[in-house]
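Remarks on the overall topology
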Amino acid sequence: MTVWLAFVLGGLVTYLERASFVAFIGDRELPVVIARALRYVGPAAFAAIVLPATVGDKGMARFVAPDARLIALVIAGVFMYRVRNMPVMLVVGMVSLWLLQWAGL
Amino acid sequence: MHRPCSGLIAAAFGNGLARLERVGFTWALMTKLPRASAIAGAKAAAPLAVPGVPFGMVLGVQIAEAGEVNNFVGWFSSILILAGASQVAAVSLLATGAGVVTTVLTIAVINARHMMYSAALSGRFQHLPRWFRLAGPYLMVDQVFAVADQVEDDATAEHRMAHYLGAGALLFTIWNISVAVGLLVGDAIPQSWSLGYAVPVMFLGLLILGLTNTPGAAAAVTGGVVAVLGRDFPNGSGLLAGAIAGVVVGGTLDWWFERRTSQNPAAAP
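Residues numbered from 1 in each chain as written. Chains lettered and ligands numbered in written order. Predicted model: local features only at pLDDT ≥ 70, side-chain atom pairs only at ≥ 80, totals over all residues.

A few words on the confidence of the model for chain A. Of the residues in chain A, 99% reach a pLDDT of 70 or more, and the chain-wide mean stands at 93. When pLDDT is averaged over each helix and strand of chain A, the minimum, 88, is found for helix α2 (residues 32-37) of chain A and the maximum, 96, for helix α4 (residues 68-83) of chain A. (pLDDT = per-residue confidence, 0-100. Helix = DSSP H or I, 4+ residues; strand = E, 2+ residues; numbered from the N terminus.)

Quick look at the domain arrangement of chain A now. Domains assigned within chain A are domain 1 (1-30) and domain 2 (31-105). When each unit is reduced to the centre of its C-alpha atoms, the spacing between domain 1 of chain A and domain 2 of chain A is 29 Å. (Domains from an automatic or database assignment.)

This paragraph deals with the domain arrangement of chain B. Residue and element names in this part refer to chain B. Under the domain assignment, chain B is made up of domain 1 (1-32), domain 2 (38-192) and domain 3 (211-269). Each of domain 2 and domain 3 has a C-alpha centre, and these two points are 25 Å apart. Opposite the 8 residues of domain 2 that make contact, domain 3 presents 7 residues. Among the elements of the structure, α7 (100-110) and α8 (113-125) are those that each provide at least two residues to the side of domain 2 that touches domain 3. If you tally residues by element for the side of domain 2 that touches domain 3, the top one is α7, at 4 residues. (Contact = placed C-beta atoms within 7 Å.)

What follows deals with unusual backbone geometry. Residue R84 of chain A is not a glycine yet carries a positive backbone phi of 55 degrees. Structurally, R84 of chain A is set in the loop between α4 and α5 (86-102). A count of 12 C-beta atoms within 10 Å places R84 of chain A in the exposed class. Notably, L82 of chain B is not glycine yet its phi reads approximately 55 degrees, a positive angle. By secondary structure assignment, the location of L82 of chain B is in the loop between α5 (71-81) and α6 (84-95). A tally of 24 C-beta atoms within 10 Å means that L82 of chain B is categorised as buried. (Buried ≥ 20, exposed ≤ 12 C-beta atoms within 10 Å, placed from the backbone.)

Quick look at the packing of helix α4 (residues 52-65) of chain B against helix α11 (residues 157-185) of chain B now. All names here are of chain B. For the pair α4 and α11, interaxial distance at closest approach is 6 Å and the crossing angle is 40 degrees. Considering their axes alone, α4 and α11 lie oblique with respect to each other. As α4 packs across α11, the resulting crossing turns out to be right-handed. Note on element contacts: α11 touches α4 through L171, I174, W175, S178, V179, A180, V181, G182 and L183, opposite G52, V53, G56, M57, V58, L59, G60, V61, I63 and A64. (Axes fitted to C-alpha atoms, helices over the stretch in contact; angles between N-to-C directions. Parallel < 35°, antiparallel > 145°, perpendicular 65-115°, else oblique. Left-handed = near helix turned anticlockwise from the far one by under 90°.)

Turning our eyes to something else, we now look at the interface of chain A and chain B. Of the residues lining the interface, 60 residues belong to chain A; the matching set on chain B comes to 79 residues. Secondary structure elements with two or more residues in the side of chain A that touches chain B: α1 (2-25), α2, α3 (41-55), α4 and α5 of chain A. Of all the elements, α1 of chain A adds the most residues to the side of chain A that touches chain B, at 20 residues. Here the side of chain A that touches chain B is composed, by residue class, of 43 nonpolar, 11 polar and 6 charged. (Nonpolar A, V, L, I, M, F, W, Y, C, P; charged D, E, K, R; others polar.)

As a further point, take the nonpolar core. If you look at the biggest cluster of nonpolar residues, it comprises 110 residues, and the most contacted ones within it are A44 of chain A together with A45, V144 and L207 of chain B. Every residue in contact with V144 of chain B, bar those within four places of it in the chain, is listed here: A45, L139, Y164, A167, G168 and L171 of chain B. (Core = buried A, V, L, I, M, F, W, Y, C linked by C-beta atoms within 7 Å.)

Quick look at the structure:
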């Protein structure tokens, strides 16, 4: 019962968060400063997902002693910045990781 | 609009089915959406759905191993919540005997970034029909937001809706199948392949696609660093802290550059 209740309420809360502005409170015009700031939601949130998932428990110390995951991420990032092709970027990231791990990093 | 069945329905069931008819009307509207736009949305989402496959399978394995969580209930949580990171956190909390309040709070905090997605899209969704603004957000996973955020500003309402629903439907389907496969097949893929690594790589790709200027880069650096420093924050709130800090820094720099440009056009960044 605990499990069901947790999932149902968790789903409801998640829906309400997603619907919040689009469905319920988005009808008024936002101040221009806020509307412009919201253009940075993507970069800010995606970076907040990427970096902790890459460096792991070591935290910022990873930048001093980079491992295969961090180096492969940089390679994939530079590739994406230049070529802007998502499927190929995924391949580049994974193959870089495998090669670096195989090389013992 | 002429609906040939409405007279038949009314004759058979009386007028009490007016509401059902309205549902049918909504359905008719949905099926009238341009198919080409829906396919374009699904195509844009396809590469983003691939990294979700190993991630979903990891969640499936985790559900199978969590004694406290029944397999079907665990899979169904995917339909209910539809947000990977929060589902992984919820299942591991429930497996260690956490209560409803802790679990729901954790889900709410991890998914709070979706409120920011909602705010970022609300201006462009303001003039879309009510049914879409109520139903659409259910599908608003990270990748769907990223795809919707890239749609041209002057797109028609029909294109915007169909594009969004095409992307959402594809990600929804692949995610829920992946969780089921993980549940049924288990550790079919060796851990050493590190397929889960595709998830941060994909989000880095989305990040780079969304980068257009210096404030955006500052928002990304701030968001990433704050999230790393806050990785031990309670209930996984480091992610939210990073996202908020990034938007504040990006927005402030944007405002500052804008002001400087309007005062002295020669100093444009």
